Amino acid sequence: MTGPAGAPAIPAPGFADPTRDAQRAFRAVLDALAHPTRSYPLSGPARSPAALGRGLAAVALTLLDEDCSTWLGGSLGADAECAAWLGFHTGTRLVAEPADAQFVLADPRSLPPLAQLRRGTDEAPHRSATVLLDVRGCTGTARFRAAGPGIDGATGFAAPWADAEFLPQWTANTATFPRGVDLLLVDEDAIAALPRTTRLHAVGPAPIGSASAPPTSTRPAQEA
Amino acid sequence: MYVAVKGGERAIANAHALLAEQGRGHPHLPVVDPAQVEGQFGVLVSRVMTEGSLYDPELAARALLQAQGDVLEAVTLVRSYRTTLPRFGYTCAIDTSGLAPQRRISATFKDLPGGQQLGATFDYTHRLFSAAGAATPDRRVSDGVDGEDQAMPRVADLLGAGALIEPDAHPDQDATQPGDLTREPPVFPMSRAERLQALARGDEGFLLGLAYSSQRGFGNTHPFAGEVRVGEVEVEFDAPELGFGVPLGRIEITECQMVNQFTGSAETPAQFTRGYGLAFGRSERKVMSMSIVDRALRSAEFDERVVSPVQDEEFVISHSDNVQATGFVEHLKLPHYVDFQAELMLVRRLNEEFKESRA
Amino acid sequence: MTADLIGYNVGYLDEQTKRMIRRALLKAVAIPGFQVPFASREVPMPRGWGTGGVQVTAAIIGEQDVLKVIDQGADDTTNAVSIRNFFRSVAHVETTTRTDEATIIQTRHRIPETPLAEGQVIVYQVPMPEPLRFLEPRETETRRLHALEEYGLMFVKLYEDIARFGHIAKTYDYPVLVGGRYLMAPSPIPSFDNPKMHMNPALQLFGAGREKRIYAVPPFTSVESLGFEDFPFEPQRFDDPCAICGATGGYLDEVITDDAGGSMFVCSDTDHCERTAAAPNDTTSTATTSTTTRPNPATPNTKAIA
C-alpha cells in the first residue's frame, strides 16, 4: 500500500464484488443487531488497511458513504492510509468531533464516553450514533448477562473488550431509551452487536451454565 | 367444485400480451418513433421530464410511448429509472437571468429592459381545429427584434433594486446547502428549498387546482405574473477540484416569478413578496401554479393566518406527488379479501347484535 | 443515446440507495416499533402496491436467499406473482411458496399460518405506518405524541367503540404496543394474526414506501395488541374448517359460490392449505370438501369473533 516515495499511495481495493459482498456483510450486521450478543461471520476485503482490519473494512464499505459523517478514533484517526482508504472507497465525511458523527469508528481505548455521542432526540431517536468498535485482540475477562428484544429470555456473553467504565456507561445508555447509541462489535472475521435495547448485568468470568458459580470478587465491573 | 382464483402467473403474462397488443394500435400503421413524440409532443414531454425529475427528452418520449400516453405511468417509469442512477456530483445553480428567452412576458410592466417577447405560445391562438394534415408551419415574419442579443434583467430584480420587493433569499433562510428531497426523508416543517423541490415534482393538475382555489378566496394570495420566461440555460457541473463549473450542455426551462402584495408587519414595511416556479421544458401552467402555491405556503414567514388548504404545508406537500397519489388510489384494485372478510364478519356481528337488541 | 445505456443494478436498487435503506433498517431494529423516516425511492411498481416492502426486500436480499411472496396469504395472487417475478429477474434469487423453505417472506395483509422460525425475515408491505394517522392527520403532531408516549387518543377511540358497540370494532391493522413503548401499526393484517407477532423468533421488518417509513420488530420482542382489563383484545376466530383442506384454526376467505347466498370458507394461506390437503389424514375429522351453503344470508353460519 506504500507508493513510490513522494507519490500518494493508491488505496487498496475494496470489495471484490461490491454488490454481493456488501449484501452478505449487511445481513451479518442486521442479524447481529437483531440477535444481540450473538456472533455472526463476516468476510471483508483481503487487503484492507491494517489499522482497520477486514471486519471493520467490510462494515465500513457496507454502511458508509458521502451521505454520512464518520469520526475515527485513536490509531484509526492517526492512520493516514485508513483515512485515505475510507475516503476513496466510501466518500464518507470525516468529522473532528465524535459528537458530530453518525458513525464512530474506534477501538476500546479510543472510544469516547457514550454520553458524548449523538443519542438522537425523543422525536428522532434514530438520529443517533452507531459505534463500530474494533474488538480485535481484546483479552479482557468481562462477562455480562444480556436481556432485551432479540434475545430469548436472557443470555450470557463474554466481552473481552469491555473495561470497568463500560457497564455504567451502557446502563446509562439503555436508560435513555428511545434515545441512545448502538454498538457494533467488529472482529477480524465476525460481528456481534448491542443495540440500545439490550440490558446488561455483570456476571463473573466463568462461562454461563458451568457448574462453578462465578466468584464475585473477580467481577470486572459493577453496576452503576 | 369451486376453485378459488388461481393462476396468477398466466393471468399476468396474458395481461401483458394484451396490453402490448392494445398499445400497438392498428398493425398496418407504422410504429411511432420516440423522436416524433419528442418533436411533436414537446409540451407533454416537458411535463414527464418535470414530474419525473429527469431532463432527458428522448427518454421521456420513450416513456410516453411505452405508457401508451398515460402521463403518470410515464412519470413513474422515468422516476424509477432515475432513482437507480449513481450520482457523480452536483451542478452549479443555474443562472436564469442569463438565459436568452425565446419567450418572456411580464404582466406588471408594459415595457421593461429587454422588452416583452411573446414567443411560442398558445395564448392568442384561436382554439379552432386546423385543417388536418396541415403539417407545414407558416413562415415567421421578422419583427426586427432579436431577443437573444438583449440583456433581460429579471423583473423581480428591477423591483428589488428599489427595495419594493423582498430580497431573493429571505434573511432567515438557511443559506447553506439545500436539502434534497430525493435523498433525505422529508421532515415537516420543510425548508422552502425542499418545498420547492416537492412542488416541482408535484402534479400539474393538483397544483393548478390549489392555485386556483387561492385565487377564488380559499387563500390570500393576490398574485401578479411578474415574469414568465422560457428559454435555454447552460448547466454546469460543479467540480470542486477544478474550482470552476464545467459546462454540460443546455436545457430548456420555464420560470415564473409571481409577485404578491404584502401589507407589511411590525418589523417589515409594506412590499411585494415573491412566489417562485421552475420546470423543465415548456410548462407555463405548471410554473405559474407552483409559484402561487409556493407563496401561499410561506404564510409562517409573514405571520399570515393559515386558513386554507393551499397554505397548509403538510396537506399540500403530502398530496402533491402524483406517483404516490395514483399508486395509492389505484392500489384499491389489489385484492383486499382478508381485510374485507374481517370487516364482513364484524358487520354481520354488529347486525345480529342490533337485531337482538331490537327483539 | 440514452436508449442504449439503460441498465439496472443487481437487485434493482443502486448501491447508494441500498446503503441508505440499510442504515435505516439498523436504526429500526435498534428502536423496535419506531418509524424511521427514509428517503423512499421509486421502484418499478406503483406506490401502494408494496413499494416499501420491495425496497426493504431489495436492500436485504442476496443470492443465498429463498424468497416467498404472499398477498392475502396466497402465493398465486397477481401482485404476489408480480413481485416474486420481479425479484427473480433482478436479484436472481430462488423463490418458493413454502413458508418453511423461505429465508425472506414478503407479505401483504397476512402472516403465514406455519410458525416462522429463527433466522427467517418477514417483510410487511405497509400502506399507512402511522397508527394515529386517522385520529391525527398531522405528522408534526403524531411525531410529538410518539415522543411523549402519549397514546390516549387511541385508547379513547377503542373505548368509544366499546361504548357504542359493546366491543372493539377494529378488525385489521389493529394497533399494537411494541416492547412496551411504541404504538405501532401492524399493517392491515387481520387482528387474527396479531398474536403471531408477539415474541416471534423471526425478524419482522415493515416498509411503507409512499409514506417513507421503515420500522421493525426484532425477534423475541413483546407485541401487545391494545385492550382494556375488562375488554381485552380478542382476535377474530373461525369456527369452521377450510372447505378444501379441512384445517381448523386458520384464517379463512369466504368464497361466493352462487348467486343464492351460497358460499364456502377456504384457507387464505394457500401454502398451508395445500400442505394440509396433501398430508395423509393427520387433519381433523371435520375435513370436508363440500361447499358450505348458507341457507339464509341474514343468519350467517360463521360464528366469528369471540
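Criteria and thresholds
- Residues numbered from 1 in each chain as written.
- Chains lettered and ligands numbered in written order.
- Predicted model: local features only at pLDDT ≥ 70, side-chain atom pairs only at ≥ 80, totals over all residues.
- Heavy atoms only, no water.
- Helix = DSSP H or I, 4+ residues; strand = E, 2+ residues; numbered from the N terminus.
- Buried < 20%, exposed > 50% of the residue type's maximum accessible area, 1.4 Å probe, protein only.
- Contact = heavy atoms within 4.5 Å.
- Areas by Shrake-Rupley, 256 points an atom, 1.4 Å probe, with all protein chains shown as cover.
- Pairing = 2+ DSSP bridges.
- Axes fitted to C-alpha atoms, helices over the stretch in contact; angles between N-to-C directions.
- Buried area = accessible area lost by both parts, 1.4 Å probe.
- Salt bridge = Lys/Arg side-chain N within 4 Å of Asp/Glu carboxyl O.
- Phe/Tyr/Trp six-rings, centres within 6.5 Å; stacked < 30°, edge-to-face > 60°.
- Lys NZ or Arg CZ within 6 Å of the ring centre and 35° of its normal.
- Lys, Arg positive; Asp, Glu negative; His and termini not counted.
- Expected span 1.5 Å × (residues − 1).
- Polar contact = N/O pair within 3.5 Å; in protein donor to acceptor, adjacent residues only side chain to side chain.

Participant: Any chance you could explain the overall build of chain A here in plain terms?
Facilitator: In terms of regular secondary structure, chain A is built from five helices and 10 strands. Burial analysis of chain A (224 residues in total) assigns 53% to the buried set. Across chain A, the fraction of contacts at a sequence separation of at least 24, relative to all contacts at a separation of at least 6, is 68%. Summed over all atoms, the accessible surface of chain A reaches about 9,200 Å², with 54% contributed by carbon and sulfur.

Participant: What is the right way to read the side chain of C:Ser187 from this model?
Facilitator: Along the chain, C:Ser187 falls in the loop between β7 (182-184) and α7 (194-197). With residues near it in sequence (within four places) discarded, C:Ser187 still touches C:Tyr124, C:Gln125, C:Val126, C:Asp173 and C:Tyr215.

Participant: I keep staring at the sheet that holds strand β10 (residues 199-203) of chain A and nothing clicks. Help me out?
Facilitator: Through backbone hydrogen bonds, the strands of a sheet pair up, either in parallel or in antiparallel fashion. Residue and element names in this part refer to chain A. The strand order β7-β6-β10 describes an open sheet built from three strands, whose pairing is antiparallel. Of all the strands in the sheet, the pair left with one neighbour each is β7 (154-158) and β10. Put simply, the sheet's adjacent strands are angled 30 degrees from each other on average, direction ignored. Pairing analysis gives five bridges linking strand β6 (residues 143-147) to β10, with the strands arranged antiparallel. Among the inter-strand pairings, Ala-147 is bridged to a residue of β10, identified as Arg-199. Packing of helix α5 (residues 166-175) onto the sheet brings it into contact with β6 and β10, and relative to β10 it is tilted by some 155 degrees.

Participant: Which parts of the structure should I look at to understand the interface of chain B and chain C?
Facilitator: Bring the parts together and some accessible area is lost; that lost area is often taken as the interface size. The interface is formed by 55 residues belonging to chain B together with 76 residues belonging to chain C. When chain B packs against chain C, close to 5,600 Å² is buried across both sides, 57% of that on carbon and sulfur atoms. At the boundary of chain B with chain C, the tally comes to six salt bridges. Between C:Arg84 and B:Glu9 there is a salt bridge whose closest N-O contact spans 3.7 Å.

Participant: When you look at the environment of A:Ala51 in this model, what are you seeing that I'm missing?
Facilitator: Residue and element names in this part refer to chain A. Topologically, Ala-51 is positioned in the loop between β1 (40-41) and α2 (53-63). The spacing of Ala-51 and Asp-122 is 71 residues in sequence and 36 Å in space, taken between C-alpha atoms. What Ala-51 contacts, discounting residues up to four positions off in sequence, is Leu-76, Asp-79, Asp-134 and Arg-136.

Participant: I keep staring at the pairing of strand β11 (residues 252-256) of chain C and nothing clicks. Help me out?
Facilitator: Along any regular strand the residues' side chains alternate between the sheet's two faces. Residue and element names in this part refer to chain C. Among the five residues in β11, four count as buried, and that is most of the element. Sheet topology places β11 next to strand β12 (residues 263-267); five bridges connect them, and they run antiparallel. Counted as the bridge partner of Glu-254 is Phe-265 from β12. Connecting β11 to the antiparallel partner β12 that follows it, the hairpin turn spans six residues, and Gly-261 within it adopts a positive phi of roughly 85 degrees.

Participant: Is there a simple way to explain the pattern of salt bridges in this structure?
Facilitator: When the charged atoms of two side chains lie near each other, side chains of opposite charge can form a pair. Throughout the structure, instances matching the rule amount to 57 salt bridges over all chains. When salt bridges that share partners are traced, they join A:Arg54, A:Asp134, A:Arg136, A:Glu188 and A:Asp189 into one network.

Participant: Explain the pairing of strand β8 (residues 182-186) of chain A to me, please; I cannot follow it from the model alone.
Facilitator: Residues and elements named next belong to chain A. Burial within β8 is extensive, with five of its five residues counted as buried. Burial of β8 is two-sided: the residues Asp-182, Leu-184 and Val-186 facing one way and the residues Leu-183 and Leu-185 facing the other way are all buried. Of the pairings in the sheet, the one linking strand β5 (residues 130-134) to β8 comprises five bridges and is parallel in character. Residue pairing across strands places Leu-132 opposite Leu-184, the latter belonging to β8. Here four bridges tie β8 to strand β9 (residues 190-194), and the two strands are oriented antiparallel to one another. From the neighbouring strand, Leu-184 faces β9, where its bridge partner is Ala-193.

Participant: Whenever I open this one, the packing of aromatic side chains confuses me. Can you help?
Facilitator: Both the distance between ring centres and the angle between the ring planes are used here to describe each pair of aromatic rings. Summed over the entire model, instances satisfying the criterion amount to 20 aromatic pairs over all chains. On the numbers, 5.8 Å between centres and 20 degrees between planes, the contact of A:Phe166 with A:Trp170 is stacked. Highlighted residues: A:Phe166 and A:Trp170, both in helix α5, separated by four residues, approximately one helical turn. Ring centres of C:Tyr124 and C:Phe206 lie 4.2 Å apart, and the angle between their planes is 5 degrees; this geometry places the pair in the stacked category. Taken together, the residues span a long stretch of sequence, with C:Tyr124 in strand β5 (residues 121-125) and C:Phe206 in strand β8 (residues 203-208) at a distance of 82 residues. Cluster of aromatic residues (ring-pair linked, three or more members): A:Phe144, A:Phe157, A:Trp161, A:Phe166 and A:Trp170. The positively charged end of C:Arg181 is found above the aromatic ring belonging to C:Tyr182, 4.3 Å away from the centroid.

Participant: I would appreciate a short explanation of the side chain of B:Asp339 in the present structure.
Facilitator: For B:Asp339, the position within the fold is in helix α12 (residues 337-358). The buried charged residue B:Asp339 lacks any salt bridge partner; its closest oppositely charged side chain belongs to C:Arg108, at an N-O distance of 6.5 Å.

Participant: What am I meant to see in helix α8 (residues 204-215) of chain B here?
Facilitator: For an α-helix, 3.6 residues make a turn, and residues three or four places apart therefore share a direction. Residues and elements named next belong to chain B. Helix length check: α8, at 12 residues, gives a terminal C-alpha distance of 16 Å against a target of 16 Å (1.5 Å per residue), a fit within 8%. Residues of α8 that are buried: Glu-204, Leu-207, Leu-210, Ala-211, Ser-213 and Ser-214. Elements that come into contact with the buried residues of α8 comprise α3 (42-52), α7 (192-201), α9 (284-296) and α10 (313-319). Capping the start of α8, Asp-203 holds a side-chain oxygen 3.0 Å from the backbone nitrogen of Gly-205, two or three residues further along. Downstream of α8 by a residue or two, Gly-217 has a phi angle that is positive, lying close to 120 degrees.

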